[in-house]
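# Geometric and topological summary
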Amino acid sequence: MENCIFCKIIDQEIPSYKIYEDEKVYAFLDISQATKGHTLVVPKRHVTDIFDYDEDLAADVFARIPKIARALEQAFPEMEGLNILNNNKELAYQSVFHSHIHLVPRYSKKDDFS
Ligand code: 5GP
Ligand code: ZN
């Protein structure tokens, strides 16, 4: 979709640090790291928010989350926990209107900024 920042990231028009990619999803580091390794998982097909998902897209995206979580665990072995978050619509703090799932690694010692 034109003028969508995450579509441009998927198309490599805007650079990003890739964590995982396949034919259905793209996962990359959030530009504003809530904790070290904070990652966004986005469907390659532009959908605005969770209300736009059909069952196939939900299966495509959510079935991949455990695999991406394990990739993060490998990349950041000090990680001891993981929050999975998804904001939908402005009132619920969505700020980019291409649906995305936040994976926020948690650490007991360093690199947890909260
Ligand atoms: P939301 O607030 O919509 O749930 O999350 C949007 C997220 O996208 C924010 O955490 C923000 O830091 C991230 N973000 C916005 N623009 C960019 C960008 O150009 N590159 C990357 N990697 N992340 C972005
Ligand atoms: Zn988009």
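The structure displayed is predicted, hence computed values, not measured ones.

### Notes on the overall build of the protein chain
Secondary structure assignment for the protein chain yields 3 helices and 5 strands. The N-to-C order of helical and strand elements in the protein chain reads α-β-β-β-α-α-β-β. With the C-alpha coordinates of the protein chain rotated into their principal frame, the extents come out at 40 × 30 × 30 Å. For the protein chain, the proportion of its 114 residues judged to be buried stands at 21%.

### Side note on the UniProt feature "active site" (unreviewed entry) in the protein chain
Feature annotation in UniProt assigns "active site" (unreviewed entry) to the following positions: His100. Not counting residues up to four positions away in its chain, the partners in contact with His100 are Phe6, Leu40, Val41 and Val42.

### With respect to the site of ligand 1
Taken together, 14 residues sit near ligand 1, with Ile31, Ser32, Asn87, Ser95 and Val96 positioned nearest. Residue classes in the shell around ligand 1 are distributed as 8 nonpolar, 5 polar and 1 charged.

### Details of the nonpolar core
Formed by 16 residues in total, the largest nonpolar core has its most connected members in Val25, Tyr26, Ala27, Val41 and Val42. For this core, the secondary-structure elements that each account for two or more residues are helix H1 (5–10), strand E2 (25–29), strand E3 (39–43) and strand E5 (101–106). Per-element accounting of this core gives the leading share, 4 residues, to E2. Once you skip the residues sitting within four places of it in the chain, Val42 turns out to touch Phe6, Ile10, Val25, Tyr26, His98, Ser99 and His100.

### Let's talk about the sheet that holds E3
Strand order in the open sheet formed by 5 strands is E1-E2-E3-E5-E4, and the pairing between neighbours is antiparallel. For this open sheet the edge positions go to strand E1 (18–21) and strand E4 (81–85), each flanked by a neighbour on one side alone. Across the sheet, the mean angle separating the axes of adjacent strands is 20° when strand polarity is ignored. As defined by bridge partners, E1 adjoins E2 across 3 bridges and the pair is classed as antiparallel. For Tyr20, the partnering residue across the bridge sits in E2 and is Ala27.

### Structural notes on the environment of Phe62
Looking at the element boundaries, Phe62 is found in helix H2 (residues 55–62). Through-space distance from the C-alpha of Phe62 to that of Pro43 is 9.8 Å; in sequence the pair is 19 residues apart.

### So, the environment of Lys24
Mapping Lys24 onto the fold places it in the loop between E1 and E2. Judged by the 15 C-beta atoms lying within 10 Å of it, Lys24 falls in the partly exposed class. Once residues lying within four places of it in the same chain are set aside, the contact partners of Lys24 are Pro43, Lys44 and Asp60.

### Re the environment of Arg64
For Arg64, the position within the fold is in the loop between H2 and helix H3 (65–75). Between the C-alpha atoms of Arg64 and Thr35, which are 29 residues apart in sequence, the distance is 21 Å.

### Overview of the confidence of the model for the protein chain
Per-residue confidence for the protein chain gives a mean pLDDT of 96, with 96% of residues at or over 70. If you check the scores for this complex, the pTM reads 0.96 and the ipTM reads 0.99.

Criteria and cut-off values
- Residues numbered from 1 in each chain as written.
- Chains lettered and ligands numbered in written order.
- Predicted model: local features only at pLDDT ≥ 70, side-chain atom pairs only at ≥ 80, totals over all residues.
- Helix = DSSP H or I, 4+ residues; strand = E, 2+ residues; numbered from the N terminus.
- Buried ≥ 20, exposed ≤ 12 C-beta atoms within 10 Å, placed from the backbone.
- UniProt positions renumbered as here; feature names shortened; annotations may be inferred.
- Contact = placed C-beta atoms within 7 Å.
- Near = placed C-beta within 6 Å.
- Nonpolar A, V, L, I, M, F, W, Y, C, P; charged D, E, K, R; others polar.
- Core = buried A, V, L, I, M, F, W, Y, C linked by C-beta atoms within 7 Å.
- Pairing = 2+ DSSP bridges.
- Axes fitted to C-alpha atoms, helices over the stretch in contact; angles between N-to-C directions.
- pLDDT = per-residue confidence, 0-100.

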